[in-house]
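One-letter residues, chain by chain:
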Amino acid sequence: MQLVVGLGNPENKYNFTRHNFGFLALDFYAKVHGYTWQKLKMDALWFKDGDRIFIKPQDYYNNSGQAVQAFMHFYKISPTDILVICDDFDLPFGTLRYRAHGSSGGNNGLKSISEHLNTTDFPRLRIGSNNPDIRQKVGDIDFVLGKFTPEEKANLSQILSEIMAKIDNLA
């Protein structure tokens, strides 16, 4: 059994924000594969694809570890069989970086998951969201909670397709 986790914030006002790149990636995956998100289970929206469970925690980004821990314990999933997909504002926009384990790198969603699982030994796929011009003007918090620019939106389909291929190749 494998758990695929997309990080984001649950309210509609956060749709198409940089911090919701994980949600957006899993929404794209679900749409392409014809899956529908199921109602809340252990504080997450979810669907199952074979031996993989996909979740979008609904506890807000910085508290994502609660839902991840609940699914991990309920389905007896090893941390090494959890893939977390999140944004990374230190990576150039659209860059994908996979690591089998590691630190949170300042990402509060990864930090929450590490704290709830008591380990950093879980895979993560970081999606670059950096736009230095905007980030410098508005600061980090407003940047990650800000909407994609029209130029960034124009590249989303290609980026999300690459993420979908990574998810399928990591299964």
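Each remark here, short or long, concerns the structure printed above.
Residues numbered from 1 in each chain as written. Predicted model: local features only at pLDDT ≥ 70, side-chain atom pairs only at ≥ 80, totals over all residues. Heavy atoms only, no water.

1. As for the pattern of salt bridges
Two side chains that carry opposite charge are able to pair once their charged atoms sit near each other. This structure, assessed with the given rule, holds eight salt bridges. For the salt bridge of Asp88 with Arg126, the shortest nitrogen-to-oxygen distance reads 3.1 Å. Highlighted residues: Asp88 in strand 5 (residues 82–92) and Arg126 in strand 7 (residues 124–130), separated in sequence by 38 residues. Judged by its relative accessible area of 8%, Asp88 falls in the buried class. Since its relative accessible area comes to 5%, Arg126 is described here as buried. Residues Arg135 and Asp140 are paired through a salt bridge, measuring 2.8 Å at the closest nitrogen-oxygen approach. (Salt bridge = Lys/Arg side-chain N within 4 Å of Asp/Glu carboxyl O. Helix = DSSP H or I, 4+ residues; strand = E, 2+ residues; numbered from the N terminus. Buried < 20%, exposed > 50% of the residue type's maximum accessible area, 1.4 Å probe, protein only.)

2. Some points on the sheet that holds strand 6 (residues 96–99)
In space, the seven strands of this open sheet follow the order 2-3-4-1-5-7-6, with mixed pairing throughout. The sheet terminates laterally at strand 2 (38–41) and strand 6, the two strands that pair on one side only. Between one strand axis and the next, the sheet turns through 30° on average, direction left out of account. The pairing of strand 1 (residues 2–6) with strand 5 spans four bridges and is parallel. Across the sheet, the residue bridging to Val5 is Val84, located in strand 5. Across the face of the sheet, helix 1 (residues 21–33) comes into contact with strand 1, strand 3 (44–49), strand 4 (52–57), strand 5 and strand 7 while running at roughly 140° to strand 4. (Pairing = 2+ DSSP bridges. Axes fitted to C-alpha atoms, helices over the stretch in contact; angles between N-to-C directions. Contact = heavy atoms within 4.5 Å.)

3. Some remarks on the layout of surface pockets
There is about 310 Å³ of room inside the largest pocket. Surrounding the largest pocket, 17 residues form its lining, His19, Phe89, Gly106, Asn108 and Val144 being those nearest its centre. For the lining of the largest pocket, the elements supplying multiple residues, two or more each, are strand 5 and helix 5 (140–144). The element contributing the most residues to the lining of the largest pocket is strand 5, with four residues. A breakdown of the residues in the lining of the largest pocket according to their chemical character gives five nonpolar, seven polar and five charged. The volume enclosed by the second largest pocket comes to roughly 160 Å³. Residue lining of the second largest pocket: Asn9, Pro10, Glu11, Asn15, Phe16, Asn20, Phe23, Leu24, Asp27, Leu45, Lys56 and Gln58, and that is the complete set. Element by element, the count of residues in the lining of the second largest pocket is highest for helix 1, at three residues. By residue class, the composition of the lining of the second largest pocket is five nonpolar, four polar and three charged. (1 Å grid on protein atoms, 1.4 Å probe; cavity = no way out; pocket = protein on both sides within 12 Å on 5 of 7 lines; lining within 4 Å. Points joined across faces, edges and corners; volume = space filled by probe spheres on them. Nonpolar A, V, L, I, M, F, W, Y, C, P; charged D, E, K, R; others polar.)

On their own, these measurements won't tell you what the molecule is for.
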